[in-house]
Amino acid sequence: MQPETDAPLASLTTLRLGGPARRLHTATTTDAVLATVRAADEQGIPLLVLGGGSNLVVGDDGFPGDVLRIATTGLRVDGTDVSVEAGVPWDDVVTAAVAAGLSGIECLAGIPGSAGATPVQNVGAYGQEVAETIASVEVYDRTERAPRTLTAAECGFTYRHSVFKGDDRYVVLRVRFRLRDDAGRSAPIRYAELARTLGVEPGERVPVEAARAAVLGLRRGKGMVLDPADHDTWSAGSFFTNPILTHDAFADLTARAARHLGPDVTPPRYPSGADHVKTSAAWLIERAGFPKGYGQGRARISTKHTLALTNRGRASTEDLLSLAREVRDGVHATFGVTLINEPVLINAKL
Ligand SMILES: Cc1cc2nc3c(=O)[nH]c(=O)nc-3n(C[C@H](O)[C@H](O)[C@H](O)COP(=O)(O)OP(=O)(O)OC[C@H]3O[C@@H](n4cnc5c(N)ncnc54)[C@H](O)[C@@H]3O)c2cc1C
């Protein structure tokens, strides 16, 4: 297929932001993906791999190279194994797995974007993350100039991170998941809010479809399911990751919180290995003076979710980034914690 030149990228991202690509290729087969990547690499042309554009902030000047939109479509369920080409919409994978009665990804329903991007930031929500169910990832290795299969261990999964994030060595071609067949029951429900919604105790199981439906309901209430009519969903999901702090840094945060908010106020704290604790970015942002709906301009915090920075319809990338800087700097001034952006910034700087 012929590439488009000077192709607008804004309409290919969920934020609906960003300037044009010098050239836009759309590949519907893995062979076409490989041919486009090889050609760009041989000619030394910068390459951006694009899935659903739901975790991308593209600069107002666009991308001065080739953008490869992966639109491959293969999806196969074989027993408890689900094998999926990179371009398949992620929610279709969850729907197919749940329809087959399989568990392990039901709580990841409603996350936008492509299956091939899920290993990139180890997509997670409501107590599940893909690291738990990915068996292997088929990639094209741009350094070795050859296809390769990475085991889950080789993917280096951590919280919202992997070997794929922030490094363009690998193009994901196919992901293989190993799910569970527990007679149509979900994995144990870990997330307290989801357990409450389902009327069960954390650790109990429910029918896999009930878990999926409850997650979708919760996500819709937070503007976390795409809806073109709802500007609260014109986002890249959570803009900041939850900070992971050393015990000393958490003690410092606790002291600052007590100073600013009163002696009885302590920041949320979740275990994160022996040496660290995780706290809540949303809690920090709200307590630093940035509530839901914050902002006067064309980019604002979602009215439904503190972590989502949204385009109210006519924003530029620079509008969004100045809001992000204001929030990041405000949280740092109040609590001494530096928030890290979750979406990938292309030709843009926070
Ligand atoms: C409303 C909303 C809710 C969200 N909720 C969640 C959530 O609950 N949990 C969560 O983890 N994320 C969430 N996200 C973020 C996002 O949906 C995920 O990160 C998703 O996996 C991104 O997929 P994508 O295809 O849109 O990737 P893109 O945005 O197109 O790309 C993201 C990055 O992955 C790279 N990439 C994409 N495809 C490939 C490939 N085949 N090979 C190599 N690199 C590739 C890109 O180059 C880029 O660096 C949300 C986003 C939105 C808009």
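Here goes a summary of the coordinates provided. (Residues numbered from 1 in each chain as written. Predicted model: local features only at pLDDT ≥ 70, side-chain atom pairs only at ≥ 80, totals over all residues. Heavy atoms only, no water.)

1. As for the site of the ligand
(1) Moving on: Near the ligand, the surroundings consist of 35 residues, among which Val 49, Gly 51, Gly 52, Ser 54 and Ser 114 are the closest.
(2) Moving on: In this structure, Gly 52 approaches the ligand through a main-chain N or O atom, which is 2.7 Å from an oxygen atom.
(3) Moving on: A distance of 3.0 Å separates an oxygen atom of the ligand from a polar side-chain atom of Gln 121.
(4) Moving on: Within the complex, 93% of the 970 Å² of free accessible area of the ligand lies under protein.
(5) Moving on: Contributions of two or more residues to the shell around the ligand are made by β3 (47-50), β8 (124-125) and β12 (170-178). (Near = heavy atom within 4 Å. Polar contact = N/O pair within 3.5 Å; in protein donor to acceptor, adjacent residues only side chain to side chain. Areas by Shrake-Rupley, 256 points an atom, 1.4 Å probe, with all protein chains shown as cover. Helix = DSSP H or I, 4+ residues; strand = E, 2+ residues; numbered from the N terminus.)

2. A closer look at the sheet that holds strand β14 (residues 270-272)
(1) Moving on: Strand order in the open sheet formed by 3 strands is β13-β15-β14, with antiparallel pairing between adjacent strands. Only two strands of the sheet have a single neighbouring strand rather than two, namely β13 (244-246) and β14. Going across the sheet, the axis of each strand differs from the next one's by a mean of 40 degrees, ignoring polarity.
(2) Moving on: Sheet analysis places β13 next to strand β15 (residues 276-278), joined by 3 bridges and oriented antiparallel. In the strand pairing of β15, Leu 245 is matched with Val 277.
(3) Moving on: Across the sheet, helix α5 (residues 247-261) touches β13 and β15, and the angle it forms with β13 is around 100 degrees. (Pairing = 2+ DSSP bridges. Axes fitted to C-alpha atoms, helices over the stretch in contact; angles between N-to-C directions. Contact = heavy atoms within 4.5 Å.)

3. A short note on helix α1 (residues 30-43)
(1) Moving on: End to end, α1 covers 20 Å across 14 residues, agreeing with the expected 20 Å (1.5 Å per residue, within 8%).
(2) Moving on: Those residues of α1 that sit buried are Val 33, Leu 34, Thr 36, Val 37, Ala 40 and Asp 41. The buried side chains of α1 occupy one side of the element, clustering within an arc of 165 degrees when seen end-on. Facing away from the buried side of α1 by more than 90 degrees, the exposed set consists of Asp 31, Glu 42 and Gln 43. (Expected span 1.5 Å × (residues − 1). Buried < 20%, exposed > 50% of the residue type's maximum accessible area, 1.4 Å probe, protein only. Arc of directions from axis to C-beta.)

4. Thoughts on the packing of helix α2 (residues 90-99) against helix α4 (residues 208-221)
(1) Moving on: Following both chains from N to C, one finds α2 and α4 inclined at 150 degrees, their axes separated by 9 Å at the closest point. Overall, the two elements α2 and α4 adopt an arrangement that is roughly antiparallel. The hand of the α2/α4 crossing is left-handed. Within the contact between the two elements, α2 uses Val 94, Thr 95 and Val 98 and α4 uses Val 208, Glu 209 and Arg 212.
(2) Moving on: Among the residues forming the contact of α2 with α4, the class breakdown is 3 nonpolar, 1 polar and 2 charged. (Parallel < 35°, antiparallel > 145°, perpendicular 65-115°, else oblique. Left-handed = near helix turned anticlockwise from the far one by under 90°. Nonpolar A, V, L, I, M, F, W, Y, C, P; charged D, E, K, R; others polar.)

5. Overview of the nonpolar core
(1) Moving on: Of all hydrophobic cores here, the largest spans 43 residues; its most connected members are Trp 90, Val 93, Ile 105, Val 137, Phe 164, Phe 177 and Leu 194.
(2) Moving on: For this core, the elements supplying multiple residues, two or more each, are β7 (81-85), α2, β10 (134-141), β12, α3 (192-198) and α4.
(3) Moving on: The element best represented in this core is α4, accounting for 6 residues.
(4) Moving on: Once residues within four sequence positions are removed from consideration, Val 93 is found in contact with Val 82, Val 84, Val 88, Ile 105 and Ala 115.
(5) Moving on: Among the nonpolar cores identified, the runner-up in size contains 33 residues, and Ala 236, Phe 250, Leu 284 and Leu 320 belong to it. (Core = buried A, V, L, I, M, F, W, Y, C linked by side-chain atoms within 4.5 Å.)

6. Considering the side chain of Thr 310
(1) Moving on: You can see Thr 310 is positioned in strand β17 (residues 309-311).
(2) Moving on: Among the polar contacts made by the side chain of Thr 310, one reaches the main-chain carbonyl oxygen of Arg 300 at a distance of 2.7 Å.
(3) Moving on: Within the structure, Thr 310 has its side chain in polar contact with the side chain of Arg 312 (distance 2.7 Å).

7. Let's talk about the environment of Leu 56
(1) Moving on: Along the chain, Leu 56 falls in strand β4 (residues 56-58).
(2) Moving on: Residue Leu 56 is classed as buried on the basis of its relative accessible area of 9%.
(3) Moving on: Along the sequence, Leu 56 and Tyr 159 sit 103 residues apart, while their C-alpha atoms lie 18 Å from each other.
(4) Moving on: With residues up to four places along the chain from it excluded, the contact list for Leu 56 reads Leu 15, Leu 50, Pro 343, Val 344 and Ile 346.

8. Observations regarding the sheet that holds β10
Across a sheet, strands are paired by hydrogen bonds formed along the backbone, either parallel or antiparallel in direction.
(1) Moving on: Ordered in space as β6-β7-β12-β10-β11, the 5 strands form an open sheet in which the pairing is antiparallel. The sheet is open, and its two edges are formed by β6 (75-78) and β11 (146-151), each paired on a single side. The mean inter-strand angle of the sheet, taken between neighbouring strand axes irrespective of direction, is 15 degrees.
(2) Moving on: Relative to β7, β6 runs antiparallel, the two sharing 4 bridges. What sits directly across from Val 77, in β7, is Val 82.

9. Digging into the packing of aromatic side chains
(1) Moving on: For the coordinates displayed, the defined rule picks out 6 aromatic pairs.
(2) Moving on: The interplanar angle of 75 degrees and the centroid separation of 5.8 Å between the aromatic rings of Phe 164 and Tyr 170 together place this pair among those described as edge-to-face. Residues Phe 164 and Tyr 170 agree in their burial class; the two are buried.
(3) Moving on: Taken together, a centroid distance of 5.1 Å and an interplanar angle of 75 degrees make the contact between Phe 239 and Phe 240 edge-to-face. Considered together, Phe 239 and Phe 240 belong to a single accessibility category, that of buried residues.
(4) Moving on: The lysine or arginine in question, Arg 16, covers the ring of Trp 234, its NZ or CZ lying 3.9 Å from the ring centre. (Phe/Tyr/Trp six-rings, centres within 6.5 Å; stacked < 30°, edge-to-face > 60°. Lys NZ or Arg CZ within 6 Å of the ring centre and 35° of its normal.)

So yeah, pure geometry; function would need other evidence.
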